[in-house]
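So you can see what is in the structure, the chains are spelled out below.
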Amino acid sequence: MITAQPINQLQAYAKAMELLPNVIFFVKDEACRYRLANQTMANLCGVSNPDELLGRSTAEFFERSYVAWCNELDRDVLSGSSYERRLDCVTDTRGEQHWTLYSRVPVLVNNGSRAIVSVSQIMTRGANEDRYRRLRLLTEEMFDDLADRWTHARMAERVQATETVVETDFQVVFGCTPKDYLDQASVNFAIELILRGEPLVDVAAKLGFSEQSALSRFIKRMTGRSPRQFRVAQN
């Protein structure tokens, strides 16, 4: 869902993020060039201050494979998609790897153009790295097919771990159960499709609901609002 954010409010966010040294913050424009960033993002890119990032692109700081991934992600976000609570591993300019828990969403700025807002938390390393790898693999596959039946047993089989390990992974990293994470991902995707104008029956099919009424009840339970209310609010 695309929200409107005045540029001065985004600038205030950037200043607030300076108080959180383990948080990476940046804003990109429609050309995918940095327009705002905090010091942690500057450090990741190997420059002394955030102003040195402005007007520049991901390709000037990161390896080719990561740039290709970022460019695809940015195009998707600019088209209206949101990525929330996802795991990523990025290598900085010194060759050091950092696991991050990120959200990247589209916004409308003052002149009506779209921008990308990204907030990432740098995760603790060490023993948790195997946990991050399992969850990144698993959640990426879950997002690719939200309509499938993702039982705990199937999740555990996919990452060659026990159900208890998978449940603990979700609690430690995301602070919720696998089902809660999947439900939130499903409702976010449903709302995104609804606001793009897709018929409710098609949205229901994409998320594995047998009837659109079941999807409506699910959205109402998760958000307190009906699909119609989301469409009316957008208009």
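Report on the accompanying structure. (Residues numbered from 1 in each chain as written. Predicted model: local features only at pLDDT ≥ 70, side-chain atom pairs only at ≥ 80, totals over all residues. Heavy atoms only, no water.)

Membership of the largest hydrophobic core comes to 36 residues, with the highest contact counts inside it found for Leu138, Met142, Phe170, Phe174, Leu215 and Ile219. Where this core is concerned, the elements lending two or more residues are strand S4 (83-91), strand S5 (97-108), helix H4 (129-144), helix H5 (152-158), helix H6 (163-174), helix H7 (178-195), helix H8 (200-206) and helix H9 (212-223). In terms of residue count, the dominant contributor to this core is H7 (nine residues). Each residue touching Met142, except ones within four places of it in the same chain, is listed here: Trp150, Met155, Phe170, Tyr181 and Leu182. (Core = buried A, V, L, I, M, F, W, Y, C linked by side-chain atoms within 4.5 Å. Buried < 20%, exposed > 50% of the residue type's maximum accessible area, 1.4 Å probe, protein only. Helix = DSSP H or I, 4+ residues; strand = E, 2+ residues; numbered from the N terminus. Contact = heavy atoms within 4.5 Å.)

Here the focus is the side chain of Asp29. In this structure, Asp29 sits in the loop between strand S2 (23-28) and strand S3 (34-37). Given the relative accessible area of 15%, Asp29 is considered buried. Residue contacts for Asp29: discarding those within four places in its chain leaves Arg35, Leu78 and Arg114.

In the contact formed by H4 and H7, the axes pass within 11 Å of each other and the chain directions differ by 40°. Our classification of the angle between H4 and H7 gives oblique. At the point where H4 passes H7, the crossing takes the right-handed sense. Listed contacts from H7 to Thr139, Met142 and Phe143 of H4 are Tyr181, Leu182 and Ala185. Its residues assigned to classes, the contact of H4 with H7 shows five nonpolar, one polar and no charged. (Axes fitted to C-alpha atoms, helices over the stretch in contact; angles between N-to-C directions. Parallel < 35°, antiparallel > 145°, perpendicular 65-115°, else oblique. Left-handed = near helix turned anticlockwise from the far one by under 90°. Nonpolar A, V, L, I, M, F, W, Y, C, P; charged D, E, K, R; others polar.)

Per the stated rule, a full pass over the model turns up one cavity of 30 Å³ or more. Empty space within the largest cavity amounts to approximately 140 Å³. Where the lining of the largest cavity is concerned, the elements lending two or more residues are S2, helix H2 (39-45), helix H3 (64-78), S4, S5 and strand S6 (114-122). (1 Å grid on protein atoms, 1.4 Å probe; cavity = no way out; pocket = protein on both sides within 12 Å on 5 of 7 lines; lining within 4 Å. Points joined across faces, edges and corners; volume = space filled by probe spheres on them.)

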